[in-house]
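Residues per chain are reported as follows:
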Amino acid sequence: MARIPAYLDAFLAAVAEGAAIDHVHLGHWDEPEAIGPVRARAGFAGAQERLSAALVAWLDLAPEHRVLDVGCGFGGTLRAIRRSDPKVAVIGLNLDPRQLAVGLRYDDRPRNAAWVAGDACRLPFAGAAFDRLLCVEAAFHFASRRAFFGEAQRVLTRKGVLVMSDIVLTRPPLPPERVALFADGLEDAFGPWPAKWAGIDAIRRDAEAVGFSLRVTDATANTEPSFYTIGLDRGGRPTGGALLRELHRLGCLHYLHLRLDKR
Ligand SMILES: C[S@@+](CC[C@H](N)C(=O)[O-])C[C@H]1O[C@@H](n2cnc3c(N)ncnc32)[C@H](O)[C@@H]1O
């Protein structure tokens with residue numbers, strides 16, 4: 001049974017207190033080397049919009065396209081698509097009905113049916129229902145990337161495309177007991193995270209096994225300033241984000257943009 005990652009409770013609590021949260025992802029910085037902590041914090045929301053825009057641009061959308069955003073969070077990317085092309089039909093799918101309810105609240109069309117509850121590995125849609133699939137920073141949570149790719153293959157039309165960003169880790173070069181501590185901490189802070197040290201080769205095998213060709217852009221450097229914004233809570237205490245920050249410092253966190261085309 002798929003499980004909703006517990007860290008989203010904190011985002012939902014912030015929304016309940018009046019915060020407007022569009023995105024839950026690491027964002028994208030065009031000149032990361034020029035950004036220090038102060039500008040990173042001030043510009044984080046803009047960086048998040050940039051990531052959405054970059055991934056949406058890679059979808060090569062046409063007005064008649066039907067798009068599914070898998071693991072849509074609060075719907076920020078879905079709204080970015082609507083802004084860039086109001087004619088495109090977009091549906092957001094999320095395991096968490098509470099996030100969907102927030103997305104619906106932000107929606108300018110009351111009772112919009114574009115918010116669907118479901119699991120990425122068992123998509124509740126007929127075959128060939130979509131021309132494009134998007135999945136922003138969510139697949140590392142899924143029970144199996146291969147199962148998700150299989151479902152993506154099924155619900156996409158013949159020339160369909162899946163564009164995604166994903167956090168891909170490689171095993172830290174540390175003694176096994178330290179690696180186990182990282183794994184334990186990651187599961188506690190961000191679980192479910194089933195295949196922690198999968199690496200890009202495993203993802204390529206999964207994509208090709210179900211009939212996709214895969215293109216990868218390594219955008220790790222473009223996320224760097226975002227690591228100034230995570231890691232400590234408001235009281236300065238370390239959070240789960242500190243683990244990601246440390247894996248990033250060790251060169252073991254890779255932020256990838258992926259495009260999968262049906263072969
Ligand atoms: C890091 S957030 C990214 C949210 C959104 N894509 C964004 O960029 O703002 C991960 C999202 O994946 C969703 N999720 C996790 N496991 C899922 C699953 N098995 N099926 C569908 N959604 C899932 C979570 O509820 C959460 O909304």
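Scroll up a little and you will see the structure.
A brief report on the enclosed structure follows. (Residues numbered from 1 in each chain as written. Predicted model: local features only at pLDDT ≥ 70, side-chain atom pairs only at ≥ 80, totals over all residues. Heavy atoms only, no water.)

Quick word on the pairing of strand S1 (residues 66-70)
- Among the 5 residues of S1, 4 are classified as buried, and the element is accordingly described as predominantly covered.
- Strand direction decides the pairing type here: S1 and strand S2 (residues 89-94), joined by 5 bridges, are parallel. What sits directly across from Arg66, in S2, is Ala89.
- In the classification by handedness, the crossover that spans S1, the intervening helix H3 (residues 76-84) and the parallel S2 is right-handed. (Buried < 20%, exposed > 50% of the residue type's maximum accessible area, 1.4 Å probe, protein only. Helix = DSSP H or I, 4+ residues; strand = E, 2+ residues; numbered from the N terminus. Pairing = 2+ DSSP bridges. Right-handed = clockwise from strand over helix to strand, strands pointing away.)

A look at helix H5 (residues 145-155)
- Those residues of H5 lying buried are Arg145, Phe148, Phe149, Glu151, Ala152, Gln153 and Val155.
- Where the residues of H5 are buried, they touch S1, strand S4 (130-136), strand S5 (156-169), helix H7 (199-209), strand S6 (212-218) and strand S7 (253-262).
- Put simply, Ser144 is the residue that caps the front of H5, since its side-chain oxygen is 3.3 Å from the backbone nitrogen of Arg146. (Contact = heavy atoms within 4.5 Å. Polar contact = N/O pair within 3.5 Å; in protein donor to acceptor, adjacent residues only side chain to side chain.)

Section: the sheet that holds S7
- One open sheet accounts for 7 strands, arranged S3-S2-S1-S4-S5-S7-S6; its pairing is mixed. Edge positions in the sheet fall to strand S3 (115-117) and S6, since each of these pairs with one other strand and no more. Between one strand and the next, the sheet's axes are offset by a mean angle of 20°, whatever the strand orientation.
- Note that S6 and S7 share 7 bridges and pair antiparallel. Bridge pairing in S7 links Leu214 to Leu260.
- Strands S5, S6 and S7 of the sheet are contacted by H7, whose axis makes an angle of about 155° with S6. (Axes fitted to C-alpha atoms, helices over the stretch in contact; angles between N-to-C directions.)

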